[in-house]
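Structural overview for review
So you can see what is in the structure, the chains are spelled out below.
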Amino acid sequence: MDDDTEIGNVDYTRIDVDRTASYASLAGRVVIVTGGGQGIGRGYAHYFAAQGAIPVIAEIDGTNARRVADEVEREHGPALALETDVGDEDSVAAMAARTLDAFGRIDILINNAAVFSRITMAPFWELPVEEWKAAMHVNITGSMLCARAVVPAMMQAGWGRIINVSSGTHVKGRPNYLHYITSKSAMVGMSRSMARELGPWGITVNTFWPGVMQTEIERPSVPRHMFETMTRAQALPRQGTIHDLAKAMLFICSDEAGYISGQNLVVDGGSSFI
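As a starting point, this report considers the structure included with it. Going along each chain's sequence as written, the residues are numbered from 1 onward. Two thresholds apply to this predicted model, a pLDDT of at least 70 for residue-level local features and 80 or more for giving and counting side-chain atom pairs, whereas whole-chain, interface and lining totals are computed over all residues. Computation of side-chain values covers all heavy atoms of the structure but excludes hydrogens and water.

For any pair of aromatic rings, geometry is given as the distance between the ring centres together with the angle between the planes. By convention, a stacked pair of Phe, Tyr or Trp rings (six-membered ring in the case of Trp) has centres within 6.5 Å and planes under 30 degrees apart, an edge-to-face pair has planes over 60 apart, and any other such pair is tilted. In this structure the tally under the stated criterion is three aromatic pairs. Geometrically, the ring pair formed by Tyr 23 and Phe 251 is tilted, given 6.4 Å between the ring centres and 55 degrees between the ring planes. Of this pair, Tyr 23 sits in the segment before strand 1 (30-34) while Phe 251 sits in helix 8 (residues 242-253); the two residues are 228 residues apart in sequence, bridging distant segments of the chain. The exposure class assigned to Phe 251 is partly exposed, which follows from its relative accessible area of 27%. On the numbers, 6.3 Å between centres and 90 degrees between planes, the contact of Tyr 44 with Phe 208 is edge-to-face. Of the two residues, Tyr 44 is situated in helix 1 (residues 39-50) and Phe 208 in strand 6 (residues 203-210); the sequence distance between them amounts to 164 residues. Owing to a relative accessible area of 1%, Tyr 44 belongs among the buried residues under this scheme. For every residue, the accessible area obtained with a 1.4 Å probe (protein chains only) is divided by the maximum for its type, and the residue is called buried under 20%, exposed over 50%, and partly exposed between those limits. Assessed through its relative accessible area of 1%, Phe 208 is described here as buried. Lysine and arginine charges are scored as sitting over a ring when NZ or CZ, respectively, is within 6 Å of the ring centre and within 35 degrees of the ring normal. In this structure, Arg 29 packs its charged tip against the face of Trp 159, placed 3.6 Å from the ring centre. The ring centre of Trp 159 lies 4.1 Å from the NZ or CZ of Arg 161, which sits over that ring. In this text, helices come from DSSP runs of H or I with a minimum length of four residues, and strands from runs of E with a minimum of two, each type numbered from the N-terminal end.

The following block contains the structure:
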């Protein structure tokens, strides 16, 4: 394995955008990234801004949202930070309204926010019921609320991209994460129904399945040895990076992917074959 891809040999605090990926159709697009104040969502914000898009950092931690928006503005261009609780209908409605007030449009929604990093690992009969409810509330209900809030603007424009971030874990039956895996499995069915309903307005809806990924976020739910084991079991046995995910996300949101809807885009180094 190349030294540059060894587990843990990456500075996760830096996001140096790979500018070889170029999608001119994303210039000027307004992209809401939920959970964009850290981790993978933060990476998406940087990558879209580098294409000339305007990222809206919708994040429950307002301080993190503003920090990422400041990073993006220093390095790429305009961004907007919005403190948003995706599980709260009024907060989500305010997110959409403030985005429209600022830019007059909403082109892309990346439903990236999720309960995961600090969830309990346990057999399902031992999982706290409140934690189960929280995972469903944020991961599923939150994604539906966000999609519902942005759809009117997309319908009016006759163009839109909704990306519901799922996970390959649900096709593997991975144990001790039943609340997370159930919620991510539901994303697939939700996306397919949304795709059917929104297609007449030129709005595509797809699910995005990122592979095992380390970021600057501490993840007690995924110990280091699990990262190592899962990475080496992939068809491409190297650690994935934000560059791998973000460049695929750019594509599925671009005009080049305009005839793709209701599909699963799996970006995991060949960990899940579907």
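After that view, the rundown keeps rolling.
Here we come to the pattern of salt bridges. Basic side-chain nitrogens of Lys or Arg form a salt bridge, by our definition, when they fall within 4 Å of a carboxyl oxygen of Asp or Glu. Applying the stated criterion across every chain, the model contains eight salt bridges. Overlapping salt bridges bring together Arg 29, Arg 105, Asp 107 and Asp 255 as one network.

A one-sided burial pattern is seen for strand 3 (residues 80-83), the buried positions being Leu 80 and Leu 82 and the unburied ones Ala 81 and Glu 83. Judged from the four bridges that link them, strand 2 (residues 54-59) and strand 3 form a sheet pairing that is parallel. Residue pairing in the sheet places Val 56 in a bridge with Leu 80 of strand 3. We call a crossover right-handed when, viewed with both strands directed away from the observer, the connection leading from the first strand over the helix to the second proceeds clockwise. With helix 2 (residues 62-75) bridging strand 2 and its parallel neighbour strand 3, the resulting β-α-β unit is right-handed. Pairing between two strands requires that DSSP report at least two bridges joining them.

With that settled, the discussion passes to helix 4 (residues 129-157). Multiplying 1.5 Å by the residue count of a helix minus one yields the expected span of that helix. With 29 residues, helix 4 ought to run about 42 Å at 1.5 Å a step, and its terminal C-alpha atoms sit 41 Å apart, in line with that. Phi for Gly 158, located one or two positions after helix 4, is positive at around 70 degrees.

Ile 32, Met 95, Ile 106, Leu 109, Val 150, Met 154 and Ile 162 are the most contacted members of the largest nonpolar core, which totals 31 residues. Those elements giving two or more residues to this core turn out to be strand 1, strand 2, strand 3, helix 3 (89-103), helix 4, helix 6 (178-198) and strand 6. Broken down by element, this core gets its largest block of residues, nine residues, from helix 4. Any two residues whose heavy atoms approach within 4.5 Å at even a single point are treated as in contact. Discounting chain neighbours no more than four positions away, the residues touching Ile 106 are Val 30, Ile 32, Ala 96, Thr 99, Leu 100, Val 150, Ala 153 and Met 154. Only buried residues count toward a nonpolar core. Its members are Ala, Val, Leu, Ile, Met, Phe, Trp, Tyr and Cys residues joined through side-chain atoms within 4.5 Å. One finds Ala 21, Val 33, Ala 53 and Ile 163 within the second-largest nonpolar core, a separate group that totals 29 residues.

Turning our eyes to something else, we now look at the environment of Gly 28. As for its position among the elements, Gly 28 is in the segment before strand 1. Looking at Gly 28, the relative accessible area reads 32%, which means it is partly exposed. Between the C-alpha atom of Gly 28 and that of Asp 107, which follows or precedes it by 79 residues, the distance is 9.3 Å. Not counting chain neighbours up to four residues away, the residues in contact with Gly 28 comprise Gly 52, Ala 53, Arg 105 and Asp 107.

Packing of helix 3 against helix 4 brings their axes to within 9 Å, and their N-to-C directions diverge by 30 degrees. With respect to helix 4, the element helix 3 is oriented roughly parallel. Handedness of the crossing formed by helix 3 with helix 4: right-handed. Contacts from Glu 89, Val 92, Met 95, Ala 96 and Leu 100 of helix 3 reach helix 4 at Leu 145, Cys 146, Arg 148, Ala 149, Val 150 and Ala 153. Residue polarity is assigned by list, with Asp, Glu, Lys and Arg as charged and Ala, Val, Leu, Ile, Met, Phe, Trp, Tyr, Cys and Pro as nonpolar; anything else, Gly included, falls into the polar class. Of the residues belonging to the contact of helix 3 with helix 4, the class tally is nine nonpolar, no polar and two charged. Throughout, an axis means a line fitted to C-alpha atoms (over the contacting stretch in the case of helices), and angles, computed between N-to-C directions, take values from 0 to 180 degrees. Roughly parallel here means an angle under 35 degrees, roughly antiparallel means over 145, roughly perpendicular means 65 to 115, and every remaining angle is called oblique. Crossing chirality is assigned from the near helix's rotation relative to the far helix, an anticlockwise turn below a right angle marking it left-handed and a clockwise turn marking it right-handed.

Interpretation note: all reported values are geometric properties and have no functional meaning in isolation.
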